Amino acid sequence: MAGAHSTLAKRLIVLWTVAIIGFLYIPMVSVVLASFSRKRYFSFPINAWDTKWYEKAFQSLSVRELLTTSLNVAVLVTIFSVFLAFLGALAFARYDWKGRKLFQKVVLLPIFFPQAVLGLALLLWFSALGITTSWQTAVFAHMIWIVPIVTLIISIQVYSFDPALEEAAFDLGASRWQVLREVTLPILSPGLVSGSVFAFLLSWGNFPLSLFTTGADQTVPEWLYAKMVSGYTPMVPTLGSLTMGGAVLVVFGVYLMFMLRKWRRGGKDAGPAVESESGA
Amino acid sequence: MSEVGAKPILQLRKICKKFGDFTAVNNINLEIGAGEFFTIVGPSGSGKTTLIRLLVGMDQPTDGDILLRDKRLNDVPANQRPTCMVFQSLALFPHKTVGENIEFSMKISGVDGAARKERANELMKQLRLPLEYYSKNVNQCSGGERQRIALARALAFDPQILFFDEPLASLDFRLRKTLEKELKDIHRETGKTFVYITHSLEEAMVMSDRIGIMRRGSIVQVGTPHEIYNRPRNKFVAQFMGEVNTLEVRRSGEASVCSTGDGQQFQVAGIPAEFQSGHLIIRPEAVKIGEAAQGLENTVRGKLFNSYSLGSRLQYQVRSTSGDSPWLVEMLQDEPYTGELDDEVVIGWRKEDSILVSD
């Protein structure tokens, strides 16, 4: 009876999992499908398949400009936020200092603000300071929301890092800089990489903050929104699919990198650990 | 009595360390000889870890001086001190191989690859680490191997003093015993000064040339294992070694006799002039039971309450008729007391085995 019971349970788990994956991905698949449709308006099933929108997208200068703007913003946000978050995470999770508890709360707060409000606040602030908004100001705006998230991600890695490792390196004659290069950075690198991926993708796909702070410049999500509101063409799902594709590429690229590293490290090993002393 | 044999390599002068109102290390004066194996023993919270962190340079003393070969070390940061520590957690770099761990200090100081590898292999041989472990990840090594790697990494630094922060604490009993002896062998082979901290006096006894007993931030006694064992300075040191028989006693009218509150009198080899009251300590292995106790200077009557096997020895618990706390008697396994439980027995010890301590 127990066997039959557990078989049923297993089937239900499989069904549940498939349902969730379907729920998550079917809408996105439909966007991808729409991008391959010849018709101007999306209907299902698709009768006429076509890749002309992709050809157009790759030839279009304005699309190239959109992608470049989004990429510039995302890359700069990634670099700056990982750098700031790395220092912040050490302050957040490693060192005990007066005001640390307050810092931990304050630094995380922007994550919980509605992004549209944050965007509006920044826009008002920029104009009060006489700063013309452009993609550069958007970099700053994205960072206000993304740095706390990346700080949190890197902090997790810092928490599991034994400070004695740094002390040991220092004790063995390493300078502060050598400790950072030889011990701290390599050990925290998984956290730094995950932090970078999050920073890049959150910036790459961000709409509400960009909407208020890019000024005359336009990122891909902004353009998608504008075109959906007025002037829909199948270029919308095409570009949408391309941005999703970019995100998937980044995630899988990093995953592959981790696997490769793990495999290479595994190759160095002489074999499983043997408790040779226990027999001594 | 417990003077440094060789010229002192390390001198501590009135070392204090305070954290706010709390004094972790209180006015420690100590000299450690070159080539000595010196162990600082104390219960947890006695300040021994704080002390070793001051000696290594991870922390600065609030007061006092640390001298290495007569040079003041206080303000020299850890990475510029010619000393090195084996950490309690070992602190092996998890992202590096066994070889890279051992070679770390040499890489930092710019030794070229071939020379580094040669030295690493030498150390691996000395510490009985298989050479094929050179390119193995440290996370895949066993507890004992990791100890040896940490020691090799520290020795590769060629320190003038090697500090140990209780590195064997996490190991199982048998492995710990093996490594204690190995460590003493390595101390002999290298001729370096070892300063070791532990909470186990037994461990300290096995390895050390001299032992310093620490309590509440102060060193209460320094001596060879023999001195610590046979002439503990106070009740704390005596009891720290293990189970002992303790009686509260006072000086009596006679020269080598002390008496308890209820009038029992015990003979001792001699009472120091300044002694007024304190404790009489008798080690369980000095106490005889039954016929073996006949004719000894000190005897107590009681009832055999229970017996326990301690491996090589047997321990008996005797409840005296005068109602003190139970007496402990230890005999070798091959010369046991042959009577029954609840027997009326006599226990006794020689006056030379009476240890008088002042508090």
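The structure this text deals with has already been given above.
On a predicted model such as this, the values are computed, not experimentally measured, just so you know.

> Teacher, can you tell me more about the packing of aromatic side chains here?
We describe a pair of aromatic rings using the distance from one ring centre to the other and the angle between the two ring planes. This model, assessed by the stated rule, comprises 16 aromatic pairs over all chains. A ring pair is formed by Trp 97 of chain A and Phe 103 of chain A, whose centres lie 5.4 Å apart and whose planes are at 55°; its orientation type is tilted. On the basis of relative accessibility, which here comes to 35%, the residue Trp 97 of chain A falls in the partly exposed class. The class of Phe 103 of chain A is partly exposed, set by a relative accessible area of 24%. Judged by centre distance (5.8 Å) and plane angle (15°), the ring pair of Phe 200 of chain A and Trp 204 of chain A falls under stacked. With a gap of four residues between them, Phe 200 of chain A and Trp 204 of chain A both fall in helix 8 (residues 176-204), about one helical turn apart. Judged by relative accessible area, which is 14%, Phe 200 of chain A ranks as buried. Feature note: the residues Phe 37, Phe 164, Phe 194 and Tyr 196 of chain B constitute an aromatic cluster, connected by ring pairs. Lying over the aromatic face of Phe 170 of chain A, Arg 176 of chain A brings its terminal NZ or CZ to 4.2 Å of the ring centre. One residue, Lys 117 of chain B, lies across the ring of Tyr 134 of chain B, its end atom 4.7 Å from the ring centre.

> How do you make sense of the interface of chain B and chain A when you look at a structure like this?
Put simply, an interface is often sized by how much accessible area is lost when its parts join up. Taken residue by residue, the interface counts 39 residues in chain B and 30 residues in chain A. Between chain B and chain A, roughly 2,800 Å² of surface is buried when both sides are summed, and carbon and sulfur atoms account for 56% of that area. Summed over the three residues of chain B that lose the most area to chain A, namely Asn 79, His 95 and Ile 108 of chain B, the buried surface amounts to 21% of that side. Counting across the interface, chain B meets chain A through three salt bridges. Notably, a salt bridge pairs Arg 53 of chain B with Glu 167 of chain A, separated by 2.7 Å at the nearest N-O pair. Every element with two or more residues in the side of chain B that touches chain A is listed here: helix 1 (48-56), strand 6 (83-86), helix 2 (98-108), helix 4 (143-156) and helix 5 (173-190) of chain B. Grouping the constituent residues of the side of chain B that touches chain A by class yields 17 nonpolar, twelve polar and ten charged.

Here is what the cut-offs are and how they apply
Residues numbered from 1 in each chain as written. Chains lettered and ligands numbered in written order. Predicted model: local features only at pLDDT ≥ 70, side-chain atom pairs only at ≥ 80, totals over all residues. Heavy atoms only, no water. Phe/Tyr/Trp six-rings, centres within 6.5 Å; stacked < 30°, edge-to-face > 60°. Buried < 20%, exposed > 50% of the residue type's maximum accessible area, 1.4 Å probe, protein only. Helix = DSSP H or I, 4+ residues; strand = E, 2+ residues; numbered from the N terminus. Lys NZ or Arg CZ within 6 Å of the ring centre and 35° of its normal. Contact = heavy atoms within 4.5 Å. Buried area = accessible area lost by both parts, 1.4 Å probe. Salt bridge = Lys/Arg side-chain N within 4 Å of Asp/Glu carboxyl O. Nonpolar A, V, L, I, M, F, W, Y, C, P; charged D, E, K, R; others polar.

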